[in-house]
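Topology and contacts: notes
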Amino acid sequence: AVVLFHFEVPGFSGGFIGVDVFFVISGFLMTGIVIRGLEQQRFSLIDFYTSRARRIIPALVFMCAVLLGLGWLFLLPPDYKTLSSHIVYSLLFASNIEYWLESGYFAAASYEKWLLHTWSLSVEWQFYLILPIILLMAWKIKTGRISQFLAVGSILVASLIASILTTQTDQSGAFFLIHTRAWEMLAGGLVFLTTPLLLVHHITRMWFNRIGLLLIALSIAIFDSESKWPGWIAVTPVAGAMLVIIANHKSRLTGNTLTQWLGDRSYSIYLWHWPTCVALTYFDIQDNPLIITLAILGSIALGHISYVLIENKLRQRKSHTTQKREVFKLGLVCLTVAISAVAVWKLNGISGRFSTAIEVAAGEAE
């Protein structure tokens, strides 16, 4: 949904609703990792952060490095400078704050920002930093899932209230910032904590799945970029995602081979779809149906390459020593890309790569 709607209907709701659903799934999975680790007395904050870094950062760094290289060839100095600064913010997982300060998600300039979509990774990473600490504190106060439920539930309510109130006064802030988005991920955590208590019959699970998918579809159909998002209306897709997870039901829509194949590669595809979409706008070919189709296929192909070469290779390495070595190497690569981006920014996008007339014209953008 995220890929298709960003390409075909700019400003339509499919993209940001896809992120809401993703947040719920992420919260469900991360809460499960922490809780099971605590119950089995083998949870480690360092191991948790390390595994998250190995999961998220490599494909992100790879994309940033490729964009920085392509930017040298195709981007005019002002655009190259902007890209380089956004790369640094993305690698620091602070891009959500930067984009909040710059403009709204649906502003005209949004389709000129190559890494706009990394705001969700920044929010996710900030959530990863905070969640295990909260669950650890609750666990130390009182062992068991009841304390975890109370902690998750109370923060969820506070975050949802903050989201509803902030959406009325600062919609961009409500969209980008962690305190107004945390409730969506905590909703997934709440599902993990309560699902074992629900004895859901097969027929009931089937209907939960259908109702959940219907809520997500209705959200895409009813809400658009003019809606006050996220606020209270974001409850609709979040509730839908919660029902689908509770159902744990493989339908023809979610259980077929193609969906599973795309699901495995969804992170890398998500990373590449937005830069591909921005490229269409940058070269003014965003209205060509054939080009759009090729771009969608291209983003999926790039995602597949990233999945095979980056994600899968790191995921297969199991030993603790190898993990530590990989994290060290990853840190060096990340630092190299970040320093290169800072250099481009300090040099104002590096002039002299195009003719003087073109660069003078481009400089008028300043």
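One can find the structure itself at the top, above this paragraph.
Below is a short write-up of the structure. (Residues numbered from 1 in each chain as written. Predicted model: local features only at pLDDT ≥ 70, side-chain atom pairs only at ≥ 80, totals over all residues. Heavy atoms only, no water.)

A few words now on the pattern of salt bridges. One side chain can pair with another of opposite charge once the charged atoms of both are near each other. Considering all chains together, one arrives at five salt bridges under this definition. Among the ionic pairs, Arg-145 bridges to Glu-39, the shortest N-O distance being 2.6 Å. Separated by 106 residues along the polypeptide, Arg-145 in helix α7 (residues 145–169) and Glu-39 in helix α2 (residues 14–39) bring together distant segments of the chain. Given the relative accessible area of 25%, Arg-145 is considered partly exposed. Each of the salt bridges in this network shares a partner with another, and the network as a whole consists of Asp-20, Arg-181 and Glu-184. (Salt bridge = Lys/Arg side-chain N within 4 Å of Asp/Glu carboxyl O. Helix = DSSP H or I, 4+ residues; strand = E, 2+ residues; numbered from the N terminus. Buried < 20%, exposed > 50% of the residue type's maximum accessible area, 1.4 Å probe, protein only.)

Bringing helix α11 (residues 235–247) into the picture now. Its 13 residues place the ends of α11 18 Å apart at the C-alpha level, agreeing with the 18 Å of an ideal helix rising 1.5 Å per residue. Among all positions in α11, only Pro-237, Val-238, Gly-240, Ala-241, Leu-243, Ile-245, Ile-246 and Ala-247 are buried. At the C-terminal side of α11, Asn-248 shows a positive phi close to 45°. (Expected span 1.5 Å × (residues − 1).)

In this section: the environment of Leu-135. Mapping Leu-135 onto the fold places it in helix α6 (residues 119–141). With a relative accessible area of 0%, Leu-135 lands in the buried category. Separated by 101 residues in sequence, Leu-135 and Val-34 place their C-alpha atoms 7.6 Å apart. Setting aside residues up to four positions removed in sequence, Leu-135 forms contacts with Thr-31, Val-34, Ile-35, Leu-38, Gln-148 and Val-152. (Contact = heavy atoms within 4.5 Å.)

Let us now look at the side chain of Ser-268. Along the polypeptide, Ser-268 turns up in helix α14 (residues 266–282). When its relative accessible area of 0% is taken as the criterion, Ser-268 is described as buried. Not counting the four nearest positions on each side in its chain, Ser-268 is found in contact with Ala-59, Gly-303, Ser-306, Tyr-307 and Glu-311.

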